[in-house]
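Structural overview for review
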Amino acid sequence: IRSGIQAAVFNMVIYELCLCTAEFVLLAFSVFSGVHSLVLFSELRSDRTNPRDVCDRINALAIPELTSYLLFTFSIILRSQFTPFLLSLPLAFLHIYRILSKTWIIQPANLLQLHQQHVTTLYQIKLLIYLLFLFYALHAILDLLIQDASLDWNDLQHFRLE
């Protein structure tokens, strides 16, 4: 019975480690997308690029960014982490609203009419949230690895994942 319980604990740690790693990758993509959007807005403000090119580049990454954050939120629920899930809900609802209302598409005419500082601030807030959750995912990975190191591996050597 003891080795069966240890094998179950080992499998659970591996499952959580895989989920945490997936969360980290999804958030790393979201951070990349957010930084890329801020750089494009900066280039637009300094008149280095055409507004149409900026909109095309941002719109190309919008759906993958929104989807990756929603997958991250779903992954938190799979790991039964309710406090981070509640903290991620406002931005997740904003992403769902933007997808359903099709407001994720930025038009060049709308971009010039909108106050660019407002749009840049929105993207900076999103980037800050992504970074906070990225460090949360990194902390969860390190915590699982420390927990994993505390297991007695000699008792678990005869178990293999098949």
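Our subject is the structure listed above.
Here goes a summary of the coordinates provided. (Residues numbered from 1 in each chain as written. Predicted model: local features only at pLDDT ≥ 70, side-chain atom pairs only at ≥ 80, totals over all residues. Heavy atoms only, no water.)

**As for the overall build of the protein**
- Assigned secondary structure in the protein consists of six helices and zero strands.
- The N-to-C order of helical and strand elements in the protein reads α-α-α-α-α-α.
- Looking at the protein as a whole, 38% of its 162 residues are labelled buried.
- By sequence separation, contacts in the protein at least 24 residues apart represent 83% of the contacts at least 6 residues apart.
- Of the roughly 9800 Å² that the protein leaves accessible, carbon and sulfur atoms contribute 67%. (Helix = DSSP H or I, 4+ residues; strand = E, 2+ residues; numbered from the N terminus. Buried < 20%, exposed > 50% of the residue type's maximum accessible area, 1.4 Å probe, protein only. Contact = heavy atoms within 4.5 Å. Areas by Shrake-Rupley, 256 points an atom, 1.4 Å probe, with all protein chains shown as cover.)

**Considerations on the nonpolar core**
- Membership of the largest hydrophobic core comes to 25 residues, with the highest contact counts inside it found for Leu-27, Phe-41, Ile-58, Tyr-69, Ile-106, Leu-111 and Tyr-123.
- Residues in contact with Ile-58, not counting those within four places in the same chain, are Ser-37, Leu-40, Phe-41, Ile-106 and Tyr-123.
- Judged by nonpolar contacts, the second largest core, of five residues, contains Leu-17, Cys-20, Ala-140 and Ile-141. (Core = buried A, V, L, I, M, F, W, Y, C linked by side-chain atoms within 4.5 Å.)

**Considering the environment of Cys-18**
- Inspection of the secondary structure assignment puts Cys-18 in helix H1 (residues 2–45).
- Judged by its relative accessible area of 48%, Cys-18 falls in the partly exposed class.
- It is 9.0 Å that separates the C-alpha atoms of Cys-18 and Ile-141, two residues lying 123 residues apart in sequence.

**Quick look at the state of the cysteines**
- One pass over the full model with this rule turns up zero disulfides.
- Left unpaired, Cys-20 is separated from the closest cysteine sulfur, that of Cys-18, by 9.5 Å.
- For Cys-20, a relative accessible area of 0% puts it in the buried group. (Disulfide = S-S within 2.5 Å.)

**Digging into the pattern of salt bridges**
- Taken as a whole and assessed by the stated rule, the structure comprises three salt bridges.
- One salt bridge in this structure joins Glu-65 and Lys-126, with 3.1 Å as the shortest N-O distance. Taken together, the residues Glu-65 in helix H2 (residues 51–78) and Lys-126 in helix H5 (residues 116–149) connect sequence positions 61 residues apart. Summarising the burial analysis for this pair, Glu-65 and Lys-126 share the class buried.
- Each of Glu-16, Glu-23 and Arg-79 takes part in salt bridges that share partners, so that together they form one network. (Salt bridge = Lys/Arg side-chain N within 4 Å of Asp/Glu carboxyl O.)

**Topic: a nonpolar patch on the surface**
- Residues Leu-131, Phe-135, Leu-138, Leu-142 and Leu-145 make up a contiguous nonpolar surface patch of roughly 440 Å² in combined accessible area.
- When you line up the elements, Leu-142 lands in helix H5. (Patch = residues over 30% accessible without salt bridge, like charges linked within 9 Å, V, L, I, M, F, W, Y side chains within 5 Å.)

**So, the packing of H2 against helix H3 (residues 82–100)**
- Their axes nearest at 9 Å, the elements H2 and H3 cross at an angle of 150°. Comparing the axis directions of H2 and H3 gives the class roughly antiparallel. By crossing handedness, the relation of H2 to H3 is classed as left-handed. On the side of H2, the interface is formed by Ile-63, Leu-66, Tyr-69, Leu-70, Phe-72, Thr-73, Ile-76 and Ile-77, while H3 contributes Phe-82, Pro-84, Phe-85, Ser-88, Leu-91, Ala-92, His-95, Ile-96, Arg-98 and Ile-99.
- Class assignment of the residues belonging to the contact of H2 with H3 gives a composition of 14 nonpolar, three polar and one charged. (Axes fitted to C-alpha atoms, helices over the stretch in contact; angles between N-to-C directions. Parallel < 35°, antiparallel > 145°, perpendicular 65-115°, else oblique. Left-handed = near helix turned anticlockwise from the far one by under 90°. Nonpolar A, V, L, I, M, F, W, Y, C, P; charged D, E, K, R; others polar.)

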